[in-house]
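Chains, contacts and geometry: an overview
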Amino acid sequence: MPAILTIATQPYPDQKPGTSGLRKRVAVFRQPHYLENFVQSIFDSILPPAGSTLVLGGDGRHYNLEAIQIILKMAAANGYARVLVGKDGILSTPAASCVIRKHATFGGIILSASHNPGGPEGDFGIKYNAANGGPAPERITDSIYETSLKISQYRVMDAPDIDLHRTGEASLGEMKISIIDPVADYADLMESLFDFDAIRGLFKGGFRIKFDAMHAVTGPYAREIFINRLQAPEDSIMNAVPLPDFGKGHPDPNLTYAHDLVDILHGENAPDFGAASDGDGDRNMILGRHFFVTPSDSLAILTANATLVPGYREGLKGVARSMPTSSAVDRVARTLDIPCFETPTGWKFFGNLMDAGRVTLCGEESFGTGSSHIREKDGLWAVLFWLNVIASRKQSVEEIVRQHWARFGRNVYSRHDYEAIPDDAAKGVMEHIRAEFGNLPGKSFGSYKVEHCDDFSYTDPVDGSTSKGQGLRLLFTDGSRIVFRLSGTGTEGATLRIYLEAYDPEISRHGLDAQEALCELIGIARQISQLEARTGRKAPTVIT
Ligand code: VG1
Ligand code: CO
């Protein structure tokens, strides 16, 4: 029986989980005891009951395998009976959620910094998901942080590394380790929700897709689902082998970072449909031929078309969106006469609503869409949903979106990110806007008049917990909105996000480019925030 060591350690002051787990540079995680402190803080917060099973895997980025070996030995020393770990240390975030639920485990640890770049100079991350398969709620992440501030020792088994490169069984002391196929459970779940025959028929009929896995975790999933099960031609997927540094790219599926795919979809002889996913496979970008679908519109369109998909044929219990996400889905929910919830940013806020059976679909403007089939957003799920809708409606992406706008009106939407701003300047912008709240209501800016402004606060309707300070909202009399928020996932300085939304029912203007249509609102946002004076920035770093 290998020895269990108790190692003395000292707290690090910076282990506060953000929007989605703890994210830091790889070099920070490589500091002595850094990863161990955080993992022990997780175990000490959740106190796994005897006999518990843990799910473990990550997006394959640099340091993934090393971290997994450490966590396995710590799990063995902390009394877990069994760990389900993905072969080669791989599990996409949605697949991990699927495995936690399907095998009814006590929870899981997912190693990922999602869309942040990887490699030795890049980022690493770790998050804990609870037994429902969803990101730990704030009560748990707060407790992990509190524990990390006081930690004095951690436990680890003194044992050799486990070979993770083949499926099968292994053990560490009394703890069993099952090295599982990371794709199978997830692909089966997808097959149970969508009409694979109809999608296969679509491809047979010559409908062409291009899915960009961005050298990140979804490659093996896309290969199994699109090529093996749906029999799409081999060239339907690109960048489908996960690399530890994501090919030096930025695995964030948006118009800026997925530009190779965007060029293909806007090029000559473009495929009918394009999609991309992020580092850990929970985000999606949907493109038609020469056409971009905003994530907010995508959520609204999936909601409006849900009953075309076998897994949702019975209809939806309700929908939810994060506060900065456009209110396009609210309009659909009103028509369908189902509840629509507005939550703070981050998937952890959807879990209670789904567990309580109050919502079926949910989404965020940041290229995240999902449903109660798991408790994470799910990139490939969104792609399959679109393909199922297209197979059923026999229309192009652009036709489907334009008909949606004609029926419900268009919520013109864009997000402007200002990355790596000095912390003080970013805080200054937010404080300044907050200080203006008293003067703004009733004031006019060009054709817009401020109706109301506030700092968004959310009370969970299921457990009554309140989350304050979730973003500054400026609501205008015509329903347009500007939201200011600081990112909780960045690792360098502060990232200020400005979310812009204007409602336009007029079909003749639906062809307008979003930046053009939002031009006046963009100017108002910069003016009210004193952005240039306070940060020196003349333009955003990323526009989505
Ligand atoms: C961002 C997005 C948010 C998303 C989060 C995690 O957070 O805005 O909508 O839930 O990333 O997504 P922030 O705090 O930087 O705005 V992922 O794909 O990184 O797990
Ligand atoms: Co992600």
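Every chain's residues receive numbers from 1 upward, in the order its sequence appears when written. Whichever chain is written first becomes A and whichever ligand is written first becomes 1, with later ones labelled in order. The predicted nature of this model means local features are confined to residues of pLDDT at least 70 and side-chain atom pairs, given and counted, to a pLDDT of 80 or more, with totals for whole chains, interfaces and linings taken over all residues. Excluded from the side-chain calculation are hydrogens and water; included are all heavy atoms of the structure.

Before going further, it helps to spend a moment on the coordination of the cobalt ion (ligand 2). Summarising the metal site, the cobalt ion (ligand 2) is bound by the protein donors Ser114 (OG), Asp278 (OD), Asp280 (OD) and Asp282 (OD), whose distances to it range over 2.0 to 2.1 Å. Exposure is judged per residue with a 1.4 Å probe applied to protein chains only, and the accessible area is read against the type maximum: over 50% gives exposed, under 20% gives buried, and values in between give partly exposed. Looking at aspartate 278, the relative accessible area reads 0%, which means it is buried. Judged by its relative accessible area of 2%, aspartate 282 falls in the buried class. The donor set covers N, O and S atoms within 2.8 Å of the metal, switching to 3.2 Å for Na, K and Ca, and it leaves out water, so a site may look short of donors.

What follows concerns helix 2 (residues 34–46). In DSSP terms, a helix is any run of H or I states spanning at least four residues, a strand is any run of E spanning at least two, and both are numbered starting from the N terminus. What a helix is expected to span follows from its residue count: subtract one and scale by 1.5 Å. Taking 1.5 Å per residue as the helical rise, helix 2 with its 13 residues ought to reach 18 Å, and the 19 Å between its terminal C-alpha atoms agrees with that figure. Of all 13 residues in helix 2, twelve are buried, a share of seventy percent or more. Among the residues making up helix 2, those that are buried are Tyr34, Leu35, Glu36, Asn37, Phe38, Val39, Gln40, Ser41, Ile42, Phe43, Ser45 and Ile46. At the exit of helix 2 stands leucine 47, carrying a positive phi of roughly 45 degrees.

Taken in spatial order, the seven strands make up an open sheet running 20-21-24-25-26-19-27, and their pairing is antiparallel. The open sheet is flanked by strand 20 (444–445) and strand 27 (542–543), the only strands paired with a single partner. For two strands to pair, DSSP has to find at least two bridges joining them. Inspection of the sheet shows strand 25 (residues 481–486) paired to strand 26 (residues 494–504) by six bridges, in the antiparallel sense. Of the residues in strand 26, the one forming a bridge with leucine 486 is leucine 496.

Next up on the list: the side chain of threonine 141. Relative to the elements of secondary structure, threonine 141 occurs in helix 5 (residues 138–148). Given a relative accessible area of 16%, threonine 141 falls into the buried group. We call two residues in contact whenever any of their non-hydrogen atoms come within 4.5 Å of each other. Leave out the neighbours within four places in its chain, and threonine 141 touches Pro17 and Ala136.

This part is about the sheet that holds strand 14 (residues 291–293). In any sheet, the strands associate via hydrogen bonds between backbone groups, in a parallel or an antiparallel arrangement. Taken together, the five strands give an open sheet; going across it, the order is 11-10-12-13-14, and neighbouring strands pair in mixed fashion. Looking at the sheet topology across the chains shown, the edges are occupied by strand 11 (237–238) and strand 14. Here strand 10 (residues 209–212) runs beside strand 11; their pairing, made up of two bridges, is parallel. Counterpart to phenylalanine 211 in the pairing with strand 11 is isoleucine 237.

The next point concerns the site of ligand 1. Nearness is defined per residue: one heavy atom within 4 Å of the molecule or strand is enough. Residues in contact with ligand 1 amount to 21 residues; listed here are only the nearest, Thr19, Ser114, Ser366, Thr489 and Arg497. Distance and chemistry together define a polar contact, namely a pair of N or O atoms within 3.5 Å, with one atom able to donate a hydrogen and the other to accept it when in protein, and with adjacent residues in sequence counting only for side-chain atoms on both sides. Take threonine 19: an N or O atom from its side chain is 2.4 Å from an oxygen atom of ligand 1. Contact distances for ligand 1 include 3.3 Å between an oxygen atom and a side-chain N or O atom of serine 20.

Time to look at the domain arrangement of the chain. For the domain bounds, the source is a domain assignment made automatically or taken from a database. Taken domain by domain, the chain holds domain 1 (4–182), domain 2 (186–408) and domain 3 (410–543). Taken over C-alpha atoms, the centre of domain 2 sits 26 Å from the centre of domain 3. When domain 2 packs against domain 3, the two sides together hide about 2400 Å² of surface, and 54% of this comes from carbon and sulfur. For domain 2, the biggest contributors to the area lost against domain 3 are Met323, Asn352 and Trp405; these three give 24% of the whole. Take a side-chain nitrogen of Lys or Arg and a carboxyl oxygen of Asp or Glu: if they are within 4 Å of each other, that pair is a salt bridge. The tally of links from domain 2 across to domain 3 stands at three salt bridges. The salt bridge involving arginine 473 is made with glutamate 342; its shortest N-O contact spans 3.5 Å. Connecting domain 2 to domain 3 are 13 residue pairs in polar contact (both at pLDDT 80 or more). Every element with two or more residues in the side of domain 2 that touches domain 3 is listed here: helix 10 (295–305), helix 11 (328–336), strand 16 (340–343), helix 12 (351–355) and helix 14 (397–408). In this description, buried area is defined as the sum, over both parts, of the accessible area (probe of 1.4 Å) that is lost when the two are combined.

With that settled, consider the environment of phenylalanine 349. Mapped onto the secondary structure, phenylalanine 349 falls in the loop between strand 16 and helix 12. The exposure class assigned to phenylalanine 349 is buried, which follows from its relative accessible area of 8%. Sequence-wise, phenylalanine 349 and glutamine 231 are 118 residues apart; in three dimensions their C-alpha atoms are separated by 37 Å. Sequence-distant contacts of phenylalanine 349, that is, excluding residues within four places in its chain, are made with Glu138, Thr343, Pro344, Tyr458 and Ser467.

Let's shift gears to the pattern of salt bridges. Oppositely charged side chains can pair when the atoms bearing their charge come close. For the structure shown, the criterion picks out 34 salt bridges. Among the salt bridges present, the one from aspartate 282 reaches lysine 377, with a minimum N-O distance of 3.4 Å. Residue aspartate 282 is located in the loop between strand 12 (273–277) and strand 13 (284–288), and its partner lysine 377 is located in the loop between strand 18 (368–371) and helix 13 (379–393); the two are separated by 95 residues in the primary sequence. Judged by its relative accessible area of 9%, lysine 377 is buried. When the shortest N-O distance is used, the salt bridge between aspartate 504 and arginine 509 registers 2.7 Å. Here the salt bridges share partners, and the residues they tie into one network are Arg321, Asp330, Glu342, Asp454, Arg473, Arg481 and Glu501.

Next up on the list: the pairing of strand 19 (residues 410–421). Judged by how many residues are buried, strand 19 sits mostly within the fold: ten of twelve residues are covered. In the sheet, strand 19 pairs with strand 26 via ten bridges, with the strands oriented antiparallel. Bridge assignment links valine 412 to a residue of strand 26, and that residue is alanine 502. Where strand 19 meets strand 27, two bridges bridge the pair, whose relative direction is antiparallel. For aspartate 417, the partnering residue across the bridge sits in strand 27 and is valine 542.

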